[in-house]
Amino acid sequence: MPSKDDFRMDEVELPEINTGEILLKGMYYSVDPYMRGRMNDAKSYVAPFEINKPINGSVIGKVVESKSGQFKPGDVVIGHFPWQKKFIAGEKEARKIDTTLAPASYYLGVLGMTGLTAYFGLMHIGKPKAGETVVVSGAAGAVGIVVGQIAKILGCHVVGIAGSEKKIKLLTSEFGFNEALNYKTTPDMKKAIAEACPNGVDVYFDNVGGEISDAVIENIAFHARIPLCGQISLYNSTETPMGPRLQPMLLTRSVLMQGFIIGDFKDRFSEGIQQLAQWVKEGKLKTTETIRQGFENLPEALLGLFKGENTGKMIVEA
Ligand code: NDP
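We now turn to the structure provided with this report. Just so we're clear, the structure is a prediction, and the values are computed from it rather than from any experiment. (Residues numbered from 1 in each chain as written. Predicted model: local features only at pLDDT ≥ 70, side-chain atom pairs only at ≥ 80, totals over all residues. Heavy atoms only, no water.)

### What about the site of the ligand?
Neighbouring residues of the ligand: 28 residues in total, closest Lys167, Tyr183, Tyr235, Ile262 and Asn310. Between the ligand and Gly163 there is a distance of 2.8 Å, counted from an oxygen atom to a backbone nitrogen or oxygen. Tyr235 is positioned such that a nitrogen or oxygen atom in its side chain is 2.7 Å from an oxygen atom of the ligand. Calculation on the ligand without its partners gives an accessible area of 910 Å², and the protein chains cover 91% of this total. Counting residues per element, the ones that place at least two in the shell around the ligand are α2 (113-126) and α3 (142-153). A per-element tally of the shell around the ligand places α2 first, with 3 residues. Its residues assigned to classes, the shell around the ligand shows 16 nonpolar, 11 polar and 1 charged. (Near = heavy atom within 4 Å. Polar contact = N/O pair within 3.5 Å; in protein donor to acceptor, adjacent residues only side chain to side chain. Areas by Shrake-Rupley, 256 points an atom, 1.4 Å probe, with all protein chains shown as cover. Helix = DSSP H or I, 4+ residues; strand = E, 2+ residues; numbered from the N terminus. Nonpolar A, V, L, I, M, F, W, Y, C, P; charged D, E, K, R; others polar.)

Okay, structure coming up:
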């Protein structure tokens, strides 16, 4: 588990902006579990952070000064930007967002990367049908809370797994989940899932991995689908984690388990955003965010993801 001391704040001079560039002031910064992977010096689908350079990620900023014909001061944009209070971006690196359609922060969550992850992972790998049972772990987080609601829209029996009583109550009372289980206080998760899913689990949207997923997969139904989205319970592991061998269960029940990275679906993002925005507009898809105040609290917000401190998308407002 990283600590606050692994981060450093520096003050630097920004140069003048050049033609084709904009000066931005950060408004909302996304903290995401995948950033933990970028702290390892390992080859992955995204490059590691560089020591002595600012961390970067999804940021929403306001244009302060522009030497680009495409942007004017006051425009609100999203992009992959450094964790700086102010920063310079090339005009190709920024995309304008429409804050009259939805609050700016939604573009980091339900109408952004995490909403799209829920949508494509569930619709294109999980492929749930009405009447089927869908289980989602990390259910009260940014991805999970959208997965569960989409599965409800599609007419499924939805069971969420999360780590506090407050989250469990919220999922069933506010977000329409049929049942929710607290993995921190349930003594026998395998049994509890069997009781909550009497016909077995047709779709398991896996956000966390580890023992929680072992318990769900023991209850997997014939011809089930498992979108393998995240393994947050293992991101701080320093050794190769051991667990039950799952292949016999997948084999004998003809189960499909498929890993995916949201970038796999990049050609279809506009379709996903359109559908998610439609559901939000119709009131079928509710959102919740945990917004931490203060740029200087970025490291703690990131670490808070690994302690379950967020409900819905975790964001820092500068
Ligand atoms: P969340 O908003 O769900 O935040 C993380 C949550 O994970 C915490 O609130 C906590 O909730 C839970 N958690 C933390 N540690 C553990 C643990 N040891 N065991 C079980 N649960 C834990 O994050 P996101 O919705 O952004 O991401 C969810 C998952 O999806 C992550 O694994 C992430 O890496 C993955 N992801 C994958 C993408 C892809 O392209 N494949 C894209 C985006 C995300 P609780 O209180 O319930 O423990």
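Anyway, onward from the coordinates.
### Quick notes on the environment of Ile220
With respect to the helices, strands and loops of the structure, Ile220 is situated in strand β10 (residues 220-228). Residues Ile220 and Met249, 29 residues apart in the sequence, show an inter-C-alpha distance of 8.0 Å.

### Brief notes about the packing of α2 against α3
Running from N to C, α2 and α3 point in directions that differ by 45 degrees, and their axes come no closer than 8 Å. Regarding the angle of α2 to α3, the classification is oblique. The chirality of how α2 crosses α3 is right-handed. Counting all contacts with α2, which are made through Thr114, Gly115, Thr117, Ala118, Tyr119, Leu122 and Met123, the residues of α3 involved are Ala142, Val143, Val146, Val147, Ile150 and Ala151. (Axes fitted to C-alpha atoms, helices over the stretch in contact; angles between N-to-C directions. Parallel < 35°, antiparallel > 145°, perpendicular 65-115°, else oblique. Left-handed = near helix turned anticlockwise from the far one by under 90°. Contact = heavy atoms within 4.5 Å.)

### Some details on the packing of aromatic side chains
Applying the stated criterion to the full structure yields 8 aromatic pairs. Measuring from centroid to centroid gives 6.1 Å for Phe260 and Phe265, while their planes differ by 70 degrees, and the two rings are edge-to-face. Here Phe260 and Phe265 have matching classes, each one buried. Taken together, the ring pairs connect Tyr119, Phe120, Phe205, Phe260, Phe265, Phe269 and Trp279 into an aromatic cluster. Above the plane of the ring of Phe175 lies Lys286, whose end atom (NZ or CZ) is 6.0 Å from the centre. (Phe/Tyr/Trp six-rings, centres within 6.5 Å; stacked < 30°, edge-to-face > 60°. Buried < 20%, exposed > 50% of the residue type's maximum accessible area, 1.4 Å probe, protein only. Lys NZ or Arg CZ within 6 Å of the ring centre and 35° of its normal.)

### Some thoughts on the pattern of salt bridges
Applying the stated rule across the entire model yields 12 salt bridges. The closest approach of N and O atoms between Glu132 and Lys129, which form a salt bridge, is 3.8 Å. Of the residues examined, Glu132 reaches a relative accessible area of 13% and is grouped as buried. For Glu271, the salt bridge identified is with Arg268, shortest N-O distance 3.3 Å. Since its relative accessible area comes to 35%, Arg268 is described here as partly exposed. (Salt bridge = Lys/Arg side-chain N within 4 Å of Asp/Glu carboxyl O.)

### Some details on the side chain of Ser68
Topologically, Ser68 is positioned in the loop between β2 (56-66) and β3 (76-82). For Ser68, a relative accessible area of 9% puts it in the buried group. Polar side-chain contacts of Ser68 include one of 2.6 Å to the side chain of Glu91.

### Notes on the side chain of Lys167
Looking at the secondary structure, you find Lys167 in helix α4 (residues 165-173). No salt bridge forms around the buried Lys167; measuring N to O, its nearest opposite-charge neighbour Glu309 is 9.5 Å away. Among the polar contacts listed, one links the side chain of Lys167 to the backbone oxygen of Asn310, at a separation of 2.9 Å. What Lys167 contacts, discounting residues up to four positions off in sequence, is Ala140, Ala162, Gly308, Asn310 and Thr311. (Lys, Arg positive; Asp, Glu negative; His and termini not counted.)

### Quick look at the nonpolar core
Formed by 45 residues in total, the largest nonpolar core has its most connected members in Ile60, Leu122, Val146, Leu171 and Leu276. The set of elements that each furnish at least two residues to this core consists of β3, α2, β6 (133-137), α3, β7 (157-162), α4, β9 (201-205) and α8 (269-281). Not counting residues up to four positions away in its chain, the partners in contact with Leu276 are Val110, Leu111, Gly115, Leu116, Tyr119, Val146, Ile150 and Leu285. Counting 26 residues, the second largest nonpolar core, distinct from the first, contains Phe49, Phe71, Phe87 and Phe295. (Core = buried A, V, L, I, M, F, W, Y, C linked by side-chain atoms within 4.5 Å.)

### A look at unusual backbone geometry
Despite not being glycine, His223 shows a phi value in the positive range, around 65 degrees. For His223, the location among the structural elements is in strand β10. Notably, Ser254 is not glycine yet its phi reads approximately 50 degrees, a positive angle. Tracing the sequence through the fold places Ser254 in the loop between α7 (247-252) and β11 (256-259).

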